[in-house]
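What the coordinates show
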Amino acid sequence: YLAAGMLDEALGAKTKLRAFNQGGTYHYGLIKLLKGEPEAALEAFDELLEGDANTGGLSGRARAMYDLGELEEFEVTLAELESDWGDEDPDAVAAVYAWTGQSDEAFEWLEKYFEQNENQLRHYFFAPDYWNLVDDPRWMDLRRRAGMSEEQLALLDFSLVTGVDR
């Protein structure tokens, strides 16, 4: 639902997961950001940070602070994310820069991630974290290099099977 931009459906699914303590907190916060509810998003991301810092919590918190206009706290959180997790999870830093419209910085961090995890980048091409980058020519170049351009995907013979008998 989230990758398709169906935010209400995604929110319903993540709310159910959270009610049963089955995770989903990061994506719940992301959906709240996408729906223009940064206060609720911040609560979710801060919940992720309780007890231990992590990339999802810090990356989400930075974006929520940015959307709330708390730019000083945004800068502090982004600096912490970069220094503590930038080498290990450059994609989390890229997501913050993409969210805030800083495309050059976002692509710089995505390139770092691509160098480390070329085969892992594929699932990000549909992630809402990077929707602000899709009109940039560098996005299509990165997709091509990862084997995910429209032309490359069109070559795949794929059909979805439903109602499989067991």
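This text gives an overview of the structure that appears in the document. Every chain begins its residue count from 1, and numbering advances along the sequence as written. Since the coordinates come from a predicted model, pLDDT governs what is reported: local features require at least 70, and pairs of side-chain atoms require 80 or more to be given and counted, while whole-chain, interface and lining totals use all residues. Water and hydrogen atoms were dropped before computing side-chain values, which therefore reflect all heavy atoms in the structure.

Numbering of helices and strands starts at the N terminus; helices are DSSP runs of H or I of at least 4 residues and strands are runs of E of at least 2. Helices and strands together make up the secondary structure of the chain, namely nine helices and zero strands. Traced from its N-terminal end to its C-terminal end, the chain shows the element sequence α-α-α-α-α-α-α-α-α. Throughout this description, buried means an accessible area under 20% of the type-specific maximum (1.4 Å probe, protein chains only), exposed means over 50%, and partly exposed covers the range between. By the burial criterion, 42% of the 166 residues in the chain qualify as buried. In this description, contact between two residues means that some pair of their heavy atoms is separated by no more than 4.5 Å. Taking the intrachain contacts of the chain between residues at least 6 apart in sequence as the baseline, contacts between residues at least 24 apart amount to 46%. For the chain, the exposed surface amounts to about 9600 Å²; the carbon and sulfur share of it is 48%. Here, Shrake-Rupley sampling with a 1.4 Å probe gives the accessible areas, and only protein chains in the shown set may cover a residue.

For soluble globular proteins, the rule of thumb is that nonpolar side chains tend to be buried together. Grouping buried Ala, Val, Leu, Ile, Met, Phe, Trp, Tyr and Cys residues that are joined through side-chain atoms within 4.5 Å yields what is termed a nonpolar core. Ranked by size, the top nonpolar core spans 38 residues in total, and within it Leu78, Leu81, Leu110, Tyr130, Leu133 and Trp139 carry the most contacts. Elements with a contribution of two residues or more to this core: helix H2 (25-34), helix H3 (38-49), helix H4 (55-67), helix H5 (71-85), helix H6 (90-99), helix H7 (103-116) and helix H8 (137-145). Looking at which element gives the most residues to this core, the answer is H6, with eight residues. Ignoring anything within four residues of it in the chain, the contact list for leucine 78 reads Ala62, Val93, Val96 and Tyr97. Leu7, Leu11, Tyr28 and Ala44 belong to the second largest nonpolar core, which has six residues in total.

Here the largest pocket defines a volume of roughly 210 Å³. Residue lining of the largest pocket: 13 residues in total, with Tyr26, Thr55, Gly56, Asp91 and Tyr124 positioned closest to the centre. Put simply, the parts of the chain that give the lining of the largest pocket at least two residues each are H2, H4 and H6. Looking at the lining of the largest pocket, the element that brings in the most residues is H4, giving four residues. The class makeup of the residues in the lining of the largest pocket is five nonpolar, four polar and four charged. With a 1 Å grid spanning the protein atoms alone, the term cavity applies to any set of points in which a 1.4 Å probe fits but cannot get out, the term pocket to an open set with protein on both sides within 12 Å along at least five of seven lines, and the term lining residue to any residue with an atom within 4 Å of a point. Grid points are joined across faces, edges and corners, and a volume is the space filled by probe spheres set on the points. Residue polarity follows a fixed list, in which Ala, Val, Leu, Ile, Met, Phe, Trp, Tyr, Cys and Pro are nonpolar, Asp, Glu, Lys and Arg are charged, and the others, Gly among them, are polar.

Mapped onto the elements of the fold, aspartate 136 is located in the loop between H7 and H8. Apart from the residues within four sequence positions on either side, aspartate 136 is in contact with Ser103 and Phe107.

Aromatic pairs are defined between Phe, Tyr and Trp rings, using the six-membered ring for Trp, whenever the two ring centres lie within 6.5 Å; interplanar angles under 30 degrees are classed as stacked, those over 60 as edge-to-face, and all others as tilted. In total, this model carries three aromatic pairs according to the counting rule given. Considering the side-chain rings of tyrosine 130 and tryptophan 139, the 6.1 Å spacing of their centres and the 25° angle between planes classify their relative orientation as stacked. Judged on exposure class, the residue tyrosine 130 and its partner tryptophan 139 are both buried. Against the face of tryptophan 109 rests lysine 112, its NZ or CZ located 3.8 Å from the ring centre. Comment: the charge-over-ring label is applied if NZ (Lys) or CZ (Arg) is within 6 Å of the ring centre and within 35 degrees of the ring normal.

Here the focus is the pattern of salt bridges. Close approach of charged atoms allows side chains with opposite charge to pair. Whenever Lys or Arg places a side-chain nitrogen within 4 Å of a carboxyl oxygen from Asp or Glu, that contact is recorded as a salt bridge. Under the definition given, this model contains nine salt bridges. Across the pair arginine 61 and aspartate 46 runs a salt bridge whose closest N-O atoms are separated by 2.7 Å. Here aspartate 46 lies in helix H3 and arginine 61 lies in helix H4, a separation of 15 residues in the sequence. The exposure class assigned to arginine 61 is buried, which follows from its relative accessible area of 17%. The partner of arginine 63 in a salt bridge is aspartate 129, with the nearest N and O atoms 2.8 Å apart. Residue arginine 63 is located in helix H4, and its partner aspartate 129 is located in the loop between H7 and H8; the two are separated by 66 residues in the primary sequence. For the pair arginine 63 and aspartate 129, one class covers both residues: buried.

Right, let's talk about H3 for a bit. Take the number of residues in a helix, subtract one, and multiply by 1.5 Å to get its expected span. For H3, with 12 residues, the first-to-last C-alpha span of 16 Å sits near the 16 Å given by 1.5 Å per residue. What H3 keeps buried is the set Pro38, Ala41, Leu42, Ala44, Phe45 and Leu49. Seen from one end, H3 has its buried residues packed into an arc of 165°, which puts them on one side. Those residues of H3 that are exposed and angled more than 90 degrees off the buried face are Glu39 and Glu43. Looking at the buried residues of H3, the elements they touch are H2 and H4. One or two residues past the end of H3 sits glycine 51, with phi positive at roughly 90°. When we speak of the arc, we mean the arc of directions from the helix axis to the C-beta atoms.

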